[in-house]
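Observations on the model geometry
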Amino acid sequence: MNRIQSLFANKKRGILSVYFTAGYPNLNDTVPTLEAFEKHGVDMVELGIPYSDPLADGPTIQESSTIAIRNGMRIEVLLSQLKEVRQKVSIPIVLMSYFNPTYLYGFERFCKQASEAGVDGLIIPDLPAYEYETTYKPIVERYNLSFNMLITSDTPDERIRKIDELTNGFIYMVSSAATTGGTSSMSDAQMDYFKRVSEMKMNNPLMVGFGVHNQQTFAEATTYCNGAIIGSAFIRAQKNGEDVDTTVKKFVSSITGNQ
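What you see is a predicted model, and the numbers here were worked out from it, not measured in a lab.

Focus on the UniProt feature "active site" (unreviewed entry) in the protein chain
- UniProt records the feature "active site" (unreviewed entry) at Glu46 and Asp57, using the numbering of this structure.
- Note that Glu46 resides in strand β2 (residues 44-48).
- Glu46 sits in the buried class, given a relative accessible area of 6%.
- Among residues more than four places away in sequence, those in contact with Glu46 are Ser17, Val18, Tyr19, Phe20, Val94, Met96, Ile123, Tyr172 and Ile229.

Given below as structure tokens:
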């Protein structure tokens, strides 16, 4: 059982996962941010590898990726930064990348070095399920990484079942057809979607992402699902924040209500 599976085995509801872009706002903020997350009660981290064409991401994450790349963040730099992170941080770390950077780096080399650095899982939203199953799944499993796949409200039930079969961490429920960074409440249609999928009794836990940005939307997203992922709202907090520890403390408190 890896750290992701252990988390869901021990905590069934209200799981808070926060996304941030590696190398933003400063190149060497990655490990201090991970340490602050653990200190202030974040359950899991989605660590984004900056990419020049982040198709699923809204303007906030796009801007953070541009700045991180300008700061010099690359896959090899990030994996080097993470080499000693497990001496300081025990919460699950999920790397999020688009497929092209991992392919150019060497997919097996990427998985091997990520695993050696203490990474627990991957999210690669543009890697199709068929290609994953037929070509890349054995590599991911060889290095004991979980692979976490995405669904939307338009995903047919048969395909959701297939994704549940291929996933071995959690299912990432995209809450809307838009990119990341929404700022409205969850609609009745979104709540119906969360409820419908939760009633399918999947093998994997359900995490809602896209549009979760404050205490209200976190509560709405976790009404029927195990937890939620917040990205753009945290990056906005980083942009307008103070030091890393204070920014993380204030942000987590704003979501959980804990002081």
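From this point, the narrative continues.
Points about the pairing of strand β8 (residues 206-209)
- Along β8, one buried face is formed by Leu206 and Val208 and the opposite face, lined by Met207 and Gly209, is buried too.
- Both strand β7 (residues 171-174) and β8 contribute to a ladder of 4 bridges, which runs parallel. Opposite Tyr172, over in β8, you have Met207 as the bridge partner.
- Two strands pair when backbone bridges link them, and β8 and strand β9 (residues 227-230) are joined in this way by 2 bridges, in the parallel orientation. The partner of Val208 across the bridge, within β9, is Ala228.
- Crossover handedness for the path β8 to helix α10 (residues 215-221) to β9: right-handed.

A closer look at the pattern of salt bridges
- As enumerated under the stated definition, the model contains 13 salt bridges in all.
- Among the ionic pairs, Lys39 bridges to Asp245, the shortest N-O distance being 3.4 Å. One end of the pair, Lys39, is in helix α2 (residues 30-39); the other, Asp245, is in helix α12 (residues 244-256), and 206 residues separate them in sequence.
- According to the relative accessible area criterion, Lys39 is exposed, its value standing at 59%.
- Notably, a salt bridge pairs Glu108 with Arg142, separated by 2.7 Å at the nearest N-O pair.

Calculation rules
- Residues numbered from 1 in each chain as written.
- Predicted model: local features only at pLDDT ≥ 70, side-chain atom pairs only at ≥ 80, totals over all residues.
- Heavy atoms only, no water.
- UniProt positions renumbered as here; feature names shortened; annotations may be inferred.
- Helix = DSSP H or I, 4+ residues; strand = E, 2+ residues; numbered from the N terminus.
- Buried < 20%, exposed > 50% of the residue type's maximum accessible area, 1.4 Å probe, protein only.
- Contact = heavy atoms within 4.5 Å.
- Pairing = 2+ DSSP bridges.
- Right-handed = clockwise from strand over helix to strand, strands pointing away.
- Salt bridge = Lys/Arg side-chain N within 4 Å of Asp/Glu carboxyl O.

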